[in-house]
Amino acid sequence: MAGQQNQDVNQLLKVRREKLQELQQNGKDPFRITKYDVTHHSQEIKDQFDALENTEVTIAGRMMFKRVMGKASFCNIQDLLGNIQAYVARDDIGEDSYKDFKKYDVGDLLGIKGKVFKTKTGEISVHASEVTLLSKSLQILPEKYHGLTDTDLRYRQRYVDLIMNADVKNTFIKRSKVISAIRHYLDGEGFMEVETPMLVSNAGGAAARPFETHFNALNEDLKLRISLELYLKRLIVGGMERVYEIGRVFRNEGLDTRHNPEFTLMELYQAYTDYNGMMDLTENLYRYVAKKVTGSEILTYGEHTIDLSKPFARITMVEAVKKYAGVDFNEVHTTEDARKLAREHHVEYEDRHQKGDILSLFFEQFAEEHLIQPTFVMDHPIEISPLTKKKPDNPEYVERFEFFLNGWEMANAYSELNDPIDQRERFEAQEQAFAAGDEEANHTDEDFLNALSIGMPPTGGIGFGIDRMVMIMTDSMAIRDVLLFPTMKSLDK
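Calculation criteria
Residues numbered from 1 in each chain as written. Predicted model: local features only at pLDDT ≥ 70, side-chain atom pairs only at ≥ 80, totals over all residues. Heavy atoms only, no water. Helix = DSSP H or I, 4+ residues; strand = E, 2+ residues; numbered from the N terminus. Buried < 20%, exposed > 50% of the residue type's maximum accessible area, 1.4 Å probe, protein only. Contact = heavy atoms within 4.5 Å. Pairing = 2+ DSSP bridges. Axes fitted to C-alpha atoms, helices over the stretch in contact; angles between N-to-C directions. Salt bridge = Lys/Arg side-chain N within 4 Å of Asp/Glu carboxyl O.

Description of the environment of histidine 304
Right, so step 1: Its location among the elements puts histidine 304 in strand S13 (residues 304–307).
Right, so step 2: Accessibility expressed as a relative area gives 25% for histidine 304, which makes it partly exposed.
Right, so step 3: Considered as a pair, histidine 304 and isoleucine 33 are 271 residues apart in the sequence and their alpha carbons are 50 Å apart.
Right, so step 4: Residues within four places of histidine 304 in sequence aside, it is in contact with Leu299, Ile372 and Asn406.

Here you go:
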């Protein structure tokens, strides 16, 4: 049976190529057409029907359906905004053109000029006076009613996925709107968008393993950036008081529903504020983007209703662990006490982990999943925050928060450490952690230390995961659903 299907498909593909050859021999090669003037899209015609009725328009798109009925036919044209029916009659476009039209295949790209009208059944359509083949499709689209359902194939052939699944196209239209809304909001707040290097000698600013490469021209090993932080802070030192960047970062980690090795990060830094200022900015930004993209500050994600309209909850990491694990780390005074508690609560830790690391492990295991509504988790232990200012009244902890939605970390923010002496000591602790087996530890960045030595003002900074933000805004269950071309294992391997 499979052999017969393959034979049938091969025959259909052969027929399409033969049709192309016939067109080319007759001087009608569609691939020689260089432009086509489009006046309207499908949805615009439907929305403005009263004004456009009996008006000549020009549309272009992919033919998704064709029904030939003797001297007249109907076809469906799909463009960026949706689809619209076209009525094509021999007497209107000419006998030769109609003969060609009848040979066109589903999947071909057509340009249609004609007047807007409504059929007897009430469907808004275009009555064609001219049909132009703009590109010949030599492949066969998936069958209309079953679409493209193979998940792996959808991600590998996103171009087909976008053609066959309107919801997919809408997701990526919304993704573009999310990023546009972020830019609009930050520009209105006086932030400047900048670009910083992707290829770096020292990939710092986050706890992650980098990808490594070799630059032949300089005969040097380089890394792909894992964060935007250290270069943006250099700009704060240089006097650019509010900067942000939206760009790809790369982390050599696993694949799952929330992780892809290359993803889009937005980081911003603002002089003369702290992590409290970053909390206010986060609340305002999320509400603004949600309103712009979805029309509401109330979002539905899976089975949850997420309310962005109310003030976001604020809780310290110690309070969260006490609430959800029943363990009060204010009463834990030594690393050995923390390890004992970890063993009692079946929290796995490594020999290099200190008290603060174990507090973080407790939080991840017991608290994260409960943080469905927007929540700022504040005041992290110093051991896991090498670039953050200490809390003046409690130097074991730092002025840092992570923003949670739907049980996910959505953003990470600090009152930025601007003491170069303290920063050097933190880097040295990170080097020791790396030597002890922590492959995600930061390395000392001497040029960054030099920048801090010149002087950086008190600064608040934050990093947003754009892909997770888009997931929430579009009710998408996996990060691959919001990445046009997610990382996939090669079929050749």
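Moving on from the model shown.
Concerning the sheet that holds strand S6 (residues 192–193)
Right, so step 1: The strand order S6-S10-S11-S20-S19-S18-S15-S14 describes an open sheet built from eight strands, whose pairing is mixed. For this open sheet the edge positions go to S6 and strand S14 (313–316), each flanked by a neighbour on one side alone.
Right, so step 2: Sheet topology note: the strand S15 (residues 375–378)/strand S18 (residues 400–405) ladder contains four bridges and is antiparallel. Each residue of the ladder has a partner; that of valine 377, found in S18, is glutamate 402.
Right, so step 3: Its contacts with the sheet put helix H11 (residues 317–325) on S14 and S15, and the angle it makes with S14 is roughly 90°.

What about the sheet that holds strand S3 (residues 82–89)?
Right, so step 1: Taken in spatial order, the five strands close into a barrel running S1-S2-S3-S5-S4, and their pairing is mixed. Going across the sheet, the axis of each strand differs from the next one's by a mean of 55°, ignoring polarity.
Right, so step 2: Looking at chain direction, S3 and strand S5 (residues 124–135) are connected through three bridges and run parallel. Opposite alanine 86, over in S5, you have valine 126 as the bridge partner.

As for the pattern of salt bridges
Right, so step 1: Summed over the entire model, instances satisfying the criterion amount to 34 salt bridges.
Right, so step 2: Measuring nitrogen to oxygen at the nearest pair gives 2.5 Å for the salt bridge that ties lysine 136 to aspartate 105. You can see lysine 136 sitting in the loop between S5 and helix H6 (151–156) and its partner aspartate 105 sitting in the loop between helix H5 (95–103) and strand S4 (109–118), a full 31 residues away along the chain.
Right, so step 3: Judged by its relative accessible area of 5%, lysine 136 falls in the buried class.
Right, so step 4: Across the salt bridge formed by arginine 426 and aspartate 422, the nearest N and O atoms sit 3.0 Å from each other. With a gap of four residues between them, arginine 426 and aspartate 422 both fall in helix H14 (residues 420–435), about one helical turn apart. Neither residue differs from the other here; arginine 426 and aspartate 422 are each classed as buried.
Right, so step 5: Several salt bridges share partner residues, and in doing so they unite Arg16, Lys19, Asp105, Asp108 and Lys136 into one network.

Looking at the pairing of strand S1 (residues 56–69)
Right, so step 1: In the sheet, S1 pairs with S4 via seven bridges, with the strands oriented antiparallel. By the bridge assignment for S4, glycine 61 is matched with leucine 110.
Right, so step 2: Relative to strand S2 (residues 72–79), S1 runs antiparallel, the two being bridged by seven bridges. Paired with methionine 69 across the bridge in S2 is alanine 72.
Right, so step 3: Counting the residues in the hairpin turn of S1 and S2 gives two residues, including glycine 70, whose phi is positive at 65°.

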